[in-house]
Amino acid sequence: MTSVYETKYTLFNGIFLFSGSHTFILALTFVASIQALTPTHYLTRRDVERLKASLDRPFNDIEAAFYSIVGLSKLGVQVSDEQAACNFIKSNVDPSSVDSLFYAAQASQALPGCEVVISNETGELLLAAVSEDSSVNQIFHAVGALSGFGLPLASQEALSALTSRLSKEENVLATIQALQTASYLSQQADLSGIVEEIEDLVARLDDLGGVYLQFEEGLETTALFVAATYSLSDHVGTEPAMKEDQIIQLMNAIFSKKNFETLSEAFSVACAAGSLSQNRYHLPVIVVPDGPAAVSHHQPILRLQVTNVMSQPLTQAAVKLDHAKSASTKASVLHQMPFAVSEDIFELNFMNAKPASGYYDFSISVDGDSRLIANKVELKVKVSTEVGITNVDLSTVDKDQSIAPKTTRVAYPAKAKGSFTADSHQNFALSFQLVDVNSGAELIPHQTFVRLHNPKTGQEVVFVAEPDSKNVYKFELDTAERKTEFDSASGTYTLYLIIGDATLENPILWNVADVVIKFPEEEAPSTVQSKKLFIPKPEIQHLFREPEKRPPTVVSNTFTALILSPLFLLFILWIKIGANISNFSFAPSTIIFHLGHAAMLGLMYVYWTQLNMFQTLKYLAILGSVTFLAGNRMLAQKAVKRIAAEQSSRLAKYRTLR
Amino acid sequence: MSGAAGSGGGSVGSVVRRFLAEYSSGTASRLKVLDAYLLYVLLSGALQFGYCLGVGTFPFNSFLSGFISAVGSFILGVCLRIQINPQNKGDFQGISPERAFADFLFASTILHLVVINFVG
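Please read these numbers as outputs of a predicted model, since none were measured by experiment. (Residues numbered from 1 in each chain as written. Chains lettered and ligands numbered in written order. Predicted model: local features only at pLDDT ≥ 70, side-chain atom pairs only at ≥ 80, totals over all residues. Heavy atoms only, no water.)

A. Up close: the packing of helix α3 (residues 60–84) of chain B against helix α4 (residues 97–119) of chain B. Interaxial distance between α3(B) and α4(B) falls to 9 Å at its minimum, and their mutual angle equals 175°. For the element pair α3(B) / α4(B), the angle class is roughly antiparallel. (Axes fitted to C-alpha atoms, helices over the stretch in contact; angles between N-to-C directions. Helix = DSSP H or I, 4+ residues; strand = E, 2+ residues; numbered from the N terminus. Parallel < 35°, antiparallel > 145°, perpendicular 65-115°, else oblique.)

Laid out in structure tokens, this is it:
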């Protein structure tokens, strides 16, 4: 029966396998739609236990009983006390309520050996409820109850009632209930119309960040949708129209919540978990390392847990390493190696391939069942090793290079005997090599520090030892260059070598030797304060703008008196010249002019002390126009007098000439 | 008259004495009054400048306003003197001495307004 579907499946799987074979990190960056998604959320064993505990509660009413009993059965377990549960159902069923009958029917079906007896009237009631006049919810419960009690049901009529009712109730929950109803109807009826609703519902899902897919109505609705889809698809024999990525995104959304507020929510998640772990079409695979994904010589075996969404191990699967590549060099270290099964754990001895230490990208594929999806997994595995320090040479090198350097070899972990001196005419040098103890290859760890510590002052200076082209680490201490780091504090320093890396199992802190450092005594070293970086700094006093330097008051007063002296000189000169105001005519225009002019000068003073330009201009306009008019009249009169005087004098001159 | 001693100084001295004599006889008294005013303004400006050189330019705007007042008044006085000098009558046909004086007053008013604004 499934051969047609199997070939369809291998074709689909082939397409999925082809599209899924790209390398990327388990931490999930969804880059392009052709790359397959890896599940981020699933039910771990603890989550499953917690879910079972939240379902296995004493029930208050038949609805709670239904959720508990049926939910637990989907997870593969039974209620703690089956007999008591059966009795509870029998005593609490309400024959007049379709909902109560539905809960009783389904719960009793889930309990082995539990039969609820119902009368003919109840059967009639249920049949009557399957009509266009009832809501989809009622039709669903009635059909479910009839099916649960094993009563006959006219599937075609039920289907038509359902379809017509569904066209009136267009919401998501009603459609999901229609899917569930259809899974109770006979396969003879034409359920393709209902099956098409699955595709419409998938289109209504919201994509959150490419990771989650859920209905805006919430988690419960999404979980019920998944359960209903698979139960209908299994019943009808058609694969649900959902892509692999969509299924994984739905999984992520449904299993992201681990604590449930209501029993119905827990029930919905249990149904979804049950349907995703056991259906005819899609089986999501979860591959997790057992413990940290790290191997070393002490622990050479990489252990993987390969499970379904409920953390039930898939022992029938064939797990294979497609290829393992070094993360840094991208060179392939191993490929096409199968994993061995050992009690639900899949194992591979990676150290047999003698990998160098570092990080590796593993591409793992899980096969064995055509239903498997998300079965291509990328994993980052760390290979650790132990480091050994060899060829450690301490030497004092003369700056003039006149004397040959004295070299002392030290073996780890011993300390060099005697102390070494570094002062103004000799440098201290250190060289060493780092090798992988197990393979003998040279290592370049991340941290290779040389630490000099002064026990008396508490000073500590750390330098980095750099490898040269032959991977030999060298460090040289020149007192002249490094004066500032040490604050010119001479003394005996203990030298430590610090070697560390994420892939080293044995980080090293080794007291190699004592070094006496003498700095040239140019300046007396300031009291060595250990560099206190985090104490309050000295307060900055704000410098207010200093007032300008002014001359002393005596000087400025003297000048003020002095500046009036030309005025006195003026008056004296005027008197000497004989300037007078004897010609002053007391005409009104003259008086007004002089008063106006004086007022204008007074206005200048008032402007200086009090007014602003606008006010001054206003007053000046008034005074000015008055003064102008008066002055004009006055000057005109003067002009007339002057012309008359000139004419009379000219006349007089003319007369005398004649 | 010029003595034997300091003949160079003597010639300068005689030029100066002659100039003063000509000036006092040849200039109308009205013009001499104006000249005295001009001398006053000149001295005033020079004193202000000297003071500024001495003690520094601290309130620079005050120094500038005072100095510009002196300079401006001097210029306006000189203009007035040129315009009312009867010897220049030919150059200033349409401008009577009264008109010149009115112009002088008007310009002085504006100058004083600006100076007072700037003195601070």
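Back to the text.
B. Here's a closer look at the packing of helix α16 (residues 588–609) of chain A against α4(B). Relative to each other, α16(A) and α4(B) sit at 15°, their axes nearing to 8 Å. Here α4(B) runs roughly parallel to α16(A), going by the angle between their axes. Seen from above, α16(A) lies across α4(B) with right-handed handedness. Residues A:F593, A:H597, A:M600, A:M604, A:Y607 and A:W608 of α16(A) form the contact with α4(B), whose own contacting residues are B:L105, B:T109, B:H112, B:L113, B:I116, B:N117 and B:V119. Broken down by class, the residue content of the contact of α16(A) with α4(B) amounts to nine nonpolar, four polar and no charged. (Left-handed = near helix turned anticlockwise from the far one by under 90°. Contact = heavy atoms within 4.5 Å. Nonpolar A, V, L, I, M, F, W, Y, C, P; charged D, E, K, R; others polar.)

C. Examining the pairing of strand β10 (residues 345–349) of chain A more closely. All names here are of chain A. Among the five residues of β10, four are classified as buried, and the element is accordingly described as predominantly covered. Looking at chain direction, strand β6 (residues 301–307) and β10 are connected through five bridges and run antiparallel. Residue pairing for β10: Q305 is matched across the bridge by I345. One ladder, built from three bridges, connects strand β9 (residues 340–342) with β10; its direction is antiparallel. When the sheet's bridge partners are listed, V341 is paired in β10 with F346. Linking β9 back to β10 in an antiparallel pair, the connection comprises two residues, with E343 at a positive phi of about 50°. (Buried < 20%, exposed > 50% of the residue type's maximum accessible area, 1.4 Å probe, protein only. Pairing = 2+ DSSP bridges.)

D. Looking closely at the pattern of salt bridges. This structure, assessed with the given rule, holds 21 salt bridges over all chains. Linking A:R303 and A:D290 is a salt bridge whose minimum nitrogen-to-oxygen distance equals 3.2 Å. Pair noted here: A:R303 is in strand β6 and A:D290 is in the loop between β4 (286–289) and β5 (294–295), with a separation of 13 residues, a long-range link. The network of salt bridges with common partners includes A:R642, A:E646, B:K89 and B:E98. (Salt bridge = Lys/Arg side-chain N within 4 Å of Asp/Glu carboxyl O.)

E. Highlighting the UniProt feature "transmembrane region" (unreviewed entry) in chain B. The feature "transmembrane region" (unreviewed entry), as given by UniProt, occupies residues 37–56, 62–80 and 100–119 of chain B in the numbering adopted here. Secondary structure within residues 37–56 of chain B divides into 95% helix and 0% strand; the distance between the first and last C-alpha atoms comes to 28 Å. (UniProt positions renumbered as here; feature names shortened; annotations may be inferred.)

F. Structural view of the state of the cysteines. Residues and elements named next belong to chain A. A complete count under the given rule lists one disulfide over all chains for this structure. Here C86 is linked by a disulfide to C114, with a sulfur-sulfur distance of 1.8 Å. Taking the torsion about the S-S bond as the criterion, the C86 to C114 disulfide, at about 100°, is right-handed. In this pair, C86 sits in helix α4 (residues 82–92) while C114 sits in the loop between α5 (98–110) and α6 (120–129), placing the two residues 28 residues apart along the sequence. Its relative accessible area of 4% is what places C86 among the buried residues. (Disulfide = S-S within 2.5 Å.)

G. Representation of unusual backbone geometry in the model. Residues and elements named next belong to chain A. Residue P413 is bonded to the preceding Y412 through a cis peptide linkage, with omega at 0°. Residue position: P413 is located in the loop between β15 (406–410) and β16 (419–422). A positive phi angle, close to 60°, is found at K330, a residue other than glycine. Relative to the helices and strands, K330 is located in the loop between β7 (318–326) and β8 (332–338).

H. Inspection of the packing of aromatic side chains at higher detail. All names here are of chain A. Applying the stated rule across the entire model yields 27 aromatic pairs over all chains. Judged by centre distance (4.8 Å) and plane angle (70°), the rings of F350 and F362 are edge-to-face. With F350 in the loop between β10 and β11 (358–367) and F362 in strand β11, the pair connects residues that are twelve residues apart, well separated along the chain. Across the pair, F362 and F350 agree in class, each one buried. Positioned above the aromatic ring of Y496 is the side chain of R451, whose terminal nitrogen or guanidinium carbon lies 5.1 Å from the ring centre. Sitting above the plane of the Y619 ring, K618 keeps its charged end 5.3 Å from the centroid. (Phe/Tyr/Trp six-rings, centres within 6.5 Å; stacked < 30°, edge-to-face > 60°. Lys NZ or Arg CZ within 6 Å of the ring centre and 35° of its normal.)

I. The arrangement of the interface of chain A and chain B in detail. Taken together, the 33 residues of chain A in the interface contact 28 residues of chain B. Together, the buried faces of chain A and chain B total about 2,700 Å²; carbon and sulfur atoms form 81% of this surface. Counting across the interface, chain A meets chain B through two salt bridges. Of the charged contacts, one joins B:K89 and A:E646 as a salt bridge, the two residues approaching to 3.9 Å between their closest N and O atoms. Linking chain A to chain B there are three residue pairs in polar contact (both at pLDDT 80 or more). Counting only elements with at least two residues in the side of chain A that touches chain B, the list comes to α15 (553–577), α16 and α17 (613–657) of chain A. (Buried area = accessible area lost by both parts, 1.4 Å probe. Polar contact = N/O pair within 3.5 Å; in protein donor to acceptor, adjacent residues only side chain to side chain.)

J. Representation of the sheet that holds β16(A). Residue and element names in this part refer to chain A. Spatially, five strands are ordered β16-β23-β22-β18-β19 in an open sheet, and the strand pairing comes out mixed. Every interior strand has two partners, whereas the edge strands, β16 and β19 (460–464), have only one. Across the sheet, the axes of successive neighbouring strands diverge by a mean angle of 30°, strand direction being ignored. Examined bridge by bridge, strand β18 (residues 447–453) and strand β22 (residues 491–500) share seven bridges and lie antiparallel to one another. Note on β22: the bridge partner recorded for V450 is L497.

K. Local environment of a negative patch on the surface. Residues and elements named next belong to chain A. A surface patch of like charges, here negative, comprises E170, E196, E199 and D200. Of note, D200 is situated in helix α10 (residues 192–203). Judged by its relative accessible area of 45%, D200 is partly exposed. (Patch = residues over 30% accessible without salt bridge, like charges linked within 9 Å, V, L, I, M, F, W, Y side chains within 5 Å. Areas by Shrake-Rupley, 256 points an atom, 1.4 Å probe, with all protein chains shown as cover. Lys, Arg positive; Asp, Glu negative; His and termini not counted. Charge placed at Lys NZ, Arg CZ, Asp CG, Glu CD.)

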